[in-house]
Amino acid sequence: VLHSVWAGPPLGIRSRSDLADKIASGLPPFVALHVDRAISTKLASAVRERMPARYLELEAERLTRLVTEWLTYESARAPFTVLGTEIAKDVTIEGLALHLRLDRIDQLIDNSLLVVDYKSGNVSPNAWASDRPEDVQLPLYATFALDEHQQLGGLVFAKVLAGKPSFAGRALDAQATLLTSLSPTSDLVKNKLSIGLTDTWSETIEKLARDFLQGRADVDPRDYPKTCKSCDLHAVCRIHENQLVLDDDEVDEEASDD
């Protein structure tokens, strides 16, 4: 639905000023048009025909409310222009070929670029931290999918959540280019995007690509035993047996020290 909204003329819009015009003329009918368009074109006809008509009506109403709330939230942003949505990009990292599809790229008021990824769940940029990050999707887009001459102004999750829409991520100056209403204590303002951070992401992603191509599959859970609670492959990696060996080695070391 949001891809359809921001796809530009003749039916869509491309900027905050376009959005302001739609709000002035009535935002819900505009959103409802794009919801209906998405349901009719993106939902396979065989699937749609098996769904009760009333269910589809209720889902259209829900999506209209949700997207209207999100666009109202975005209308409070600093001026921006949407340069593209669902942008396909092929990149090669350390010999690993990847086919990417970016949800959206905005041009901010200072002409820098904002990489946006829509999420309907609770996500956090904390997933990008450490040398073994849980999620590298947005750092990958921001560091490898943009042209070298383009300045990165930020990368954010657009959290399209009923009752609590928000952005989460990193920006060079979130108050000036994203939302002037942000509190000085907000994560977006306190934890700024920096060249050092993007360099670290690039190095981490390159290492992950090399390890993948080299077939590295060490039995080394990122957060043991939490990681293993949702895994059903214990018989393959034998993590519990390995952990017993490690525990025995630690006991032997302590005995030797004594």
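Each remark here, short or long, concerns the structure printed above.
Source: prediction; values computed, not measured.

Asks: Lay out the environment of Leu161 in plain terms, naming residues and giving numbers.
Replies: As for its position among the elements, Leu161 is in the loop between strand 4 (152-159) and strand 5 (166-171). For the pair Leu161 and Ile105, spaced 56 residues apart in sequence, the C-alpha to C-alpha distance is 20 Å. Beyond its immediate chain neighbours, meaning those up to four positions away, Leu161 contacts Leu66, Glu69, Ser120 and Gly121.

Asks: How would you explain the pattern of salt bridges if you had to name every residue and give the values?
Replies: Within the structure shown, the criterion is met by 15 salt bridges. Across the salt bridge formed by Asp106 and Arg77, the nearest N and O atoms sit 2.9 Å from each other. Taken together, the residues span a long stretch of sequence, with Asp106 in strand 2 (residues 96-107) and Arg77 in the loop between helix 5 (53-74) and strand 1 (81-93) at a distance of 29 residues. The pair Asp106 / Arg77 is uniform in exposure class, with both members buried. Between Asp117 and Lys119 there is a salt bridge; the shortest N-O distance is 3.1 Å.

Asks: Got a sec to walk through unusual backbone geometry? Specific residues and values, please.
Replies: The step from Pro9 to Pro10 runs through a cis peptide bond, and the omega angle for that step is 10°. Within the secondary structure, Pro10 is located in the loop between helix 1 (2-5) and helix 2 (16-25). Residue Pro225 follows Tyr224 across a cis peptide bond; omega there is 0°. Here Pro225 is to be found in the loop between helix 9 (195-213) and helix 10 (234-237). A positive phi angle is found at Glu86, which is not glycine, with a value near 50°. In this structure, Glu86 sits in strand 1. Residue classification places Glu86 among the partly exposed positions, given a relative accessible area of 34%. A positive phi angle, near 75°, is found at Asn111, a position not held by glycine. Here Asn111 shows up in the loop between strand 2 and strand 3 (113-119).

Asks: Any chance you could break down the packing of aromatic side chains for me, citing the residues and the numbers?
Replies: Tallying each qualifying case throughout the model produces six aromatic pairs. Relative to Tyr73, the ring of Trp70 lies with its centre 5.2 Å away and its plane at 40°, an arrangement referred to as tilted. Taken as a pair, Trp70 and Tyr73 lie in helix 5 at a separation of three residues, close to a single helical turn. Ring-pair connections join several aromatic residues into one group, and the members of that group are Trp70, Tyr73 and Phe167. Across the ring face of Phe80, the terminal group of Arg77 is positioned such that the distance to the ring centre comes to 3.7 Å. For the cation-ring pair, Arg104 lies above Trp6, with the distance from its terminal atom to the ring centre recorded as 4.8 Å.

Asks: Residue-level account of the state of the cysteines, with values.
Replies: Enumeration according to the criterion identifies zero disulfides in this entry. Of all cysteine sulfurs in the structure, the one in Cys237 sits closest to Cys228, which takes part in no disulfide; the separation is 6.3 Å. Note on Cys228: relative accessible area 9%, which makes it buried. Among the cysteines around Cys237, which has no disulfide bond, Cys231 carries the closest sulfur, lying 6.0 Å off.

Asks: Report on the environment of Arg37, specifying residues and quantitative values.
Replies: Its location among the elements puts Arg37 in helix 3 (residues 27-42). Of the residues examined, Arg37 reaches a relative accessible area of 37% and is grouped as partly exposed. It is 37 Å that separates the C-alpha atoms of Arg37 and Ile205, two residues lying 168 residues apart in sequence. Among residues more than four places away in sequence, those in contact with Arg37 are Ser4 and Leu11.

Asks: Provide a residue-level description of the side chain of Ser15, including the pertinent values.
Replies: Tracing the backbone through its elements, the reader meets Ser15 in the loop between helix 1 and helix 2. Under the relative-accessibility criterion, Ser15 is labelled buried at 10%. A polar contact is formed between the side chain of Ser15 and the backbone nitrogen of Asp18, at a distance of 3.1 Å. Not counting residues within four places of it along the chain, the set of residues in contact with Ser15 comprises Trp6, Phe80 and Thr81.

Asks: Describe the sheet that holds strand 2, and please don't skip the residues or the numbers.
Replies: The sheet built from five strands is open, its strands ordered 1-2-3-4-5 with mixed pairing. The open sheet has two edge strands with one neighbour each: strand 1 and strand 5. On average, adjacent strands in this sheet sit at an angle of 35° to one another, irrespective of strand direction. Here strand 1 pairs with strand 2 via 11 bridges, running antiparallel. By the bridge assignment for strand 2, Thr81 is matched with Gln107. Packed on one face of the sheet, helix 5 meets strand 2, strand 3, strand 4 and strand 5 and runs near 45° to strand 5. Against the sheet, helix 6 (residues 137-144) touches strand 1, strand 2, strand 3 and strand 4, its axis set at about 155° to strand 3.

Calculation notes
- Residues numbered from 1 in each chain as written.
- Predicted model: local features only at pLDDT ≥ 70, side-chain atom pairs only at ≥ 80, totals over all residues.
- Heavy atoms only, no water.
- Helix = DSSP H or I, 4+ residues; strand = E, 2+ residues; numbered from the N terminus.
- Contact = heavy atoms within 4.5 Å.
- Salt bridge = Lys/Arg side-chain N within 4 Å of Asp/Glu carboxyl O.
- Buried < 20%, exposed > 50% of the residue type's maximum accessible area, 1.4 Å probe, protein only.
- Phe/Tyr/Trp six-rings, centres within 6.5 Å; stacked < 30°, edge-to-face > 60°.
- Lys NZ or Arg CZ within 6 Å of the ring centre and 35° of its normal.
- Disulfide = S-S within 2.5 Å.
- Polar contact = N/O pair within 3.5 Å; in protein donor to acceptor, adjacent residues only side chain to side chain.
- Pairing = 2+ DSSP bridges.
- Axes fitted to C-alpha atoms, helices over the stretch in contact; angles between N-to-C directions.

Just distances and angles here, no functional claims.
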